[in-house]
Amino acid sequence: MNLPDDFAFTQGSLQDAADCPRRFELRYIKRLRYPAVEAAPALQFERRTRQGARFHKLVQQHLMGLPAETLAWSLHDDPELAAWWGAFRKTGLTGLPQGRQAEIALQTRLGGRRLIAKYDLLALDAGGEAVIVDWKTWRRVPAQSHLQGRLQTILYRYVLAKAGGHLYGGPIPPEKIHMIYSFVAAGGQRLGIDYSAAQLREDEDYLLNLIAEIDRAEQFPLTEDETRCRFCTYRSLCERGEAGSLDLLDEEDEFAEEDYRLDFDQIAEIEF
């Protein structure tokens, strides 16, 4: 066993393991804080991370009862963030059930390990519908197939199906679970993903296998896909080149921000 008994898997740790076992080892087993710059120019990268964190804080404050108009007054110093907020006000909560819980964390167990998911928003109704909403500040909207394969999608739906029963007083059928990604930097475009009992079983098998691979691994090899190294803090330690350009994130044909784990709006992932 490579991890302590109380280790809890999150979307970030699972995605690291899937993308590059070596990155997972350095970050979660050796707990190495390697001070490489994730992207260049560094100041612009830091600004984008702060914007993402600030946007999510605004959403949380609004869902806790602060008027959107009041929060908008605080954005005079950042026109780009103000535009994101405008997109959120226009489409962010449209058509969602009224039973809403923001910044809620749920956990369940699988393969002897805890799985933890922290949701931007869970919207629930009396009829049993459960909608997971996740706001993204990515500049481009990916293909739906790309989102379906993300560990965030897999984990969030699975944990809600297994651990969300106390929110209703009973289990939530997979067919009642829906996930919405809302891209505020792209005008508030949405992509929705449904769930099913068959998909739950497939996701459970995948998560079980991934967890088992990590626990029994004797070596953690570097990814063979070196494009994943361009925005990794450990790339110089692994002799995989210099920091990638932020311009590349917005211009590459592939949806770079997910491929390289630069999730600007999820920088401070929950820790337990």
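Reading the values: rules and limits
Residues numbered from 1 in each chain as written. Predicted model: local features only at pLDDT ≥ 70, side-chain atom pairs only at ≥ 80, totals over all residues. Heavy atoms only, no water. Helix = DSSP H or I, 4+ residues; strand = E, 2+ residues; numbered from the N terminus. Expected span 1.5 Å × (residues − 1). Buried < 20%, exposed > 50% of the residue type's maximum accessible area, 1.4 Å probe, protein only. Arc of directions from axis to C-beta. pLDDT = per-residue confidence, 0-100. Contact = heavy atoms within 4.5 Å. Salt bridge = Lys/Arg side-chain N within 4 Å of Asp/Glu carboxyl O. Pairing = 2+ DSSP bridges. Core = buried A, V, L, I, M, F, W, Y, C linked by side-chain atoms within 4.5 Å. Axes fitted to C-alpha atoms, helices over the stretch in contact; angles between N-to-C directions. Parallel < 35°, antiparallel > 145°, perpendicular 65-115°, else oblique. Nonpolar A, V, L, I, M, F, W, Y, C, P; charged D, E, K, R; others polar.

Participant: Can you help me understand helix α5 (residues 79-91) in this one?
Facilitator: Note on helix geometry: an α-helix contains 3.6 residues per turn, so any two residues three or four positions apart are oriented the same way. Here α5 is 13 residues long and its end C-alpha atoms lie 19 Å apart, about the 18 Å a rise of 1.5 Å per residue gives. By the burial criterion, the buried members of α5 are Leu81, Trp84, Trp85, Ala87, Phe88 and Thr91. Considered in projection along α5, the buried side chains sweep an arc of 155 degrees and stay on one side of the axis. Seen from the open side of α5, the exposed residues pointing more than 90 degrees away from its buried face are Pro79, Ala83 and Lys90.

Participant: Is there a simple way to explain the confidence of the model for the protein chain in this structure?
Facilitator: Note: predicted coordinates in regions of low pLDDT should not be interpreted at a detailed level. In the predicted model, the protein chain carries a mean pLDDT of 84, and the fraction of residues at 70 or more is 83%. For the protein chain, helix α11 (residues 256-259) is the element with the lowest average pLDDT, namely 36, and helix α9 (residues 197-216) is the one with the highest, namely 97. The low-confidence segment residues 37-41 (pLDDT under 50) makes 22 contacts with residues lying over four places distant or belonging to another chain. Counting contacts from residues 250-272, a segment whose pLDDT is below 50, to residues more than four positions away or on other chains yields 87 contacts.

Participant: It is not clear to me how the pattern of salt bridges should be interpreted in this structure. Could you clarify?
Facilitator: For side chains bearing opposite charge, pairing can occur when the charged atoms are close. Enumeration according to the criterion identifies 15 salt bridges in this entry. Two residues, Glu25 and Arg22, come together in a salt bridge whose shortest N-O distance is 2.7 Å. Highlighted residues: Glu25 and Arg22, both in helix α2 (residues 21-29), separated by three residues, approximately one helical turn. The exposure class of Glu25 is buried, given its relative accessible area of 14%. Judged by its relative accessible area of 23%, Arg22 is partly exposed. A salt bridge links Asp225 to Arg228; the nearest nitrogen and oxygen atoms lie 3.7 Å apart. Each member of the salt-bridge network shares a partner with another, and the members are Asp16, Asp19, Arg23, Arg27, Asp225 and Arg228.

Participant: Is there a simple way to explain the environment of Tyr206 in this structure?
Facilitator: Of note, Tyr206 is situated in helix α9. Taking the relative accessible area as the measure of exposure, Tyr206 reaches 35% and is therefore partly exposed. Sequence separation between Tyr206 and Ile154 is 52 residues, and the spatial gap between their C-alpha atoms is 9.2 Å. The residues contacting Tyr206, other than those within four sequence positions of it, are Ala18, Leu151 and Ile154.

Participant: Even after reading the chapter, I still don't get the environment of Leu122, so can you show me in this structure?
Facilitator: Mapped onto the elements of the fold, Leu122 is located in strand β4 (residues 113-124). Along the primary structure Leu122 and Leu160 are separated by 38 residues, whereas in three dimensions their C-alpha atoms are 9.4 Å apart. Those residues in contact with Leu122, other than ones at most four positions away along the chain, are Gly99, Arg100, Gln101, Ile104, Leu106, Val131, Ile132, Leu160 and Leu167.

Participant: I'm lost on the pairing of β4 in this one. Help?
Facilitator: Side chains on a regular strand alternate between the two faces of the sheet. Of all 12 residues that make up β4, 11 are buried, and the element is covered over most of its length. Of the strand pairs in this sheet, strand β1 (residues 8-9) and β4 are connected by two bridges, and their pairing is parallel. Paired with Ala8 across the strands is Arg114, a residue of β4. The pairing of strand β3 (residues 99-110) with β4 spans 11 bridges and is antiparallel. When the sheet's bridge partners are listed, Gly99 is paired in β4 with Leu124. Taken together, β3 and the strand that follows it, β4, pair antiparallel across an intervening segment of two residues, in which Gly111 is found at a positive phi of about 60 degrees. In this sheet, strand β5 (residues 130-136) lies alongside β4 in antiparallel orientation, the contact comprising four bridges. Bridge pairing in β5 links Leu124 to Ala130. Once β4 ends, the chain turns through five residues before running back antiparallel as β5, passing Gly128 with a positive phi of about 100 degrees.

Participant: What is the right way to look at the nonpolar core in this model?
Facilitator: Nonpolar side chains in soluble globular proteins tend to be buried together. Ranked by internal contacts, the top residues of the largest apolar core, which has 45 residues, are Phe9, Phe24, Leu106, Leu115, Tyr119, Leu122 and Leu160. When residues in this core are grouped by element, the largest group, nine residues, is from helix α7 (residues 151-163). Grouped together as the second largest cluster of nonpolar side chains are 19 residues, Phe55, Trp85, Ala87 and Val131 included.

Participant: Hey, could you run me through the packing of helix α1 (residues 11-19) against α2 in this one?
Facilitator: When two helices pack together, their arrangement is given by the angle between their axes and by how far apart the axes lie. Two elements in contact, α1 and α2, have axes whose closest approach is 5 Å; the angle formed by their N-to-C orientations is 140 degrees. In terms of orientation, α1 lies oblique with respect to α2. Judged by residue contacts, Gly12, Ser13, Asp16, Ala17 and Asp19 of α1 engage Pro21, Arg23, Phe24, Arg27 and Tyr28 from α2. Taken together, the residues of the contact of α1 with α2 break down into four nonpolar, two polar and four charged.

Participant: Explain the pairing of strand β7 (residues 189-194) here, please?
Facilitator: Bridging between strand β6 (residues 177-183) and β7 involves six bridges; their strand directions are antiparallel. Its bridge partner lying in β7, Phe183 is registered against Gln189. Connecting the antiparallel pair β6 and β7 is a turn made up of five residues, with Gly187 showing a positive phi of about 80 degrees.

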